[in-house]
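Inside the fold
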Amino acid sequence: MPQHIAMDPANEVCPDFSLPIYDLARDSMIANPGCPQIQTHEEAAKALAGAWATDNAERCKQYARQFDAQEDNNPPPGADLGRPPQQRQETPRHEPSPRAAQRREPEHEDQPAQPPK
């Protein structure tokens, strides 16, 4: 089962793999005979950024699927999902409370509303 993703990965920013903190990772890639196309720190940083982008894109897809599944499992309040769409009733609107219905609206803009009696 895929791991739950709590925050949207589309908001993440790719690290700057040219920073000194990534020297060891870049050195390892340059020294790796399985990566003959990577011979400089710039190429290694570019490869790391590409790997990060690929992983991020996959996590964005997973997050979207997870979000869609969550919406399917938690319909909005009042949704009438038990019937086919053509037979569903519109969600009822809330009527104003009796107290709010008693309140008089001002006759003029400069006149304050009257409180209910």
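Because the structure is a prediction, the values reported are computed rather than measured.

Conventions and cut-offs
Residues numbered from 1 in each chain as written. Predicted model: local features only at pLDDT ≥ 70, side-chain atom pairs only at ≥ 80, totals over all residues. Heavy atoms only, no water. Core = buried A, V, L, I, M, F, W, Y, C linked by side-chain atoms within 4.5 Å. Buried < 20%, exposed > 50% of the residue type's maximum accessible area, 1.4 Å probe, protein only. Helix = DSSP H or I, 4+ residues; strand = E, 2+ residues; numbered from the N terminus. Contact = heavy atoms within 4.5 Å. Salt bridge = Lys/Arg side-chain N within 4 Å of Asp/Glu carboxyl O.

**A few points about the nonpolar core**
- Ranked by size, the top nonpolar core spans eight residues in total: F17, M29, C35, I38, A44, A45, L48 and W52.
- Among the elements that take part in this core, helix α2 (residues 41–73) stands out by supplying four residues, more than any other.
- Leaving out residues up to four positions away in the same chain, W52 has contacts with E12, V13, C14, P15 and F17.

**Brief notes about the side chain of R26**
- In this structure, R26 sits in helix α1 (residues 23–31).
- The buried category is assigned to R26, whose relative accessible area is 4%.
- In contact with R26, not counting residues within four places along its chain, are F17, S18, L19, H41, A44, A45 and L48.

**Side note on the pattern of salt bridges**
- Evaluation of the coordinates by the stated rule reveals four salt bridges.
- Close ionic contact of D55 with R59 constitutes a salt bridge, the shortest N to O distance being 3.1 Å. Of this pair, D55 and R59 both sit in helix α2, separated by four residues, roughly a single helical turn.
- Residue classification places R59 among the partly exposed positions, given a relative accessible area of 22%.
- With a closest N to O distance of 3.7 Å, R65 and E58 form a salt bridge.
- Residues joined by salt bridges that share partners form a network here, namely E12, D55 and R59.

**Topic: the environment of Q3**
- Tracing the chain through its elements places Q3 in the segment before α1.
- A relative accessible area of 67% means that Q3 is categorised as exposed.
- With 60 residues separating them in the primary sequence, Q3 and Y63 have C-alpha atoms 9.8 Å apart.
- Excluding residues that lie within four positions of it along the chain, Q3 makes contacts with Q62 and Q66.

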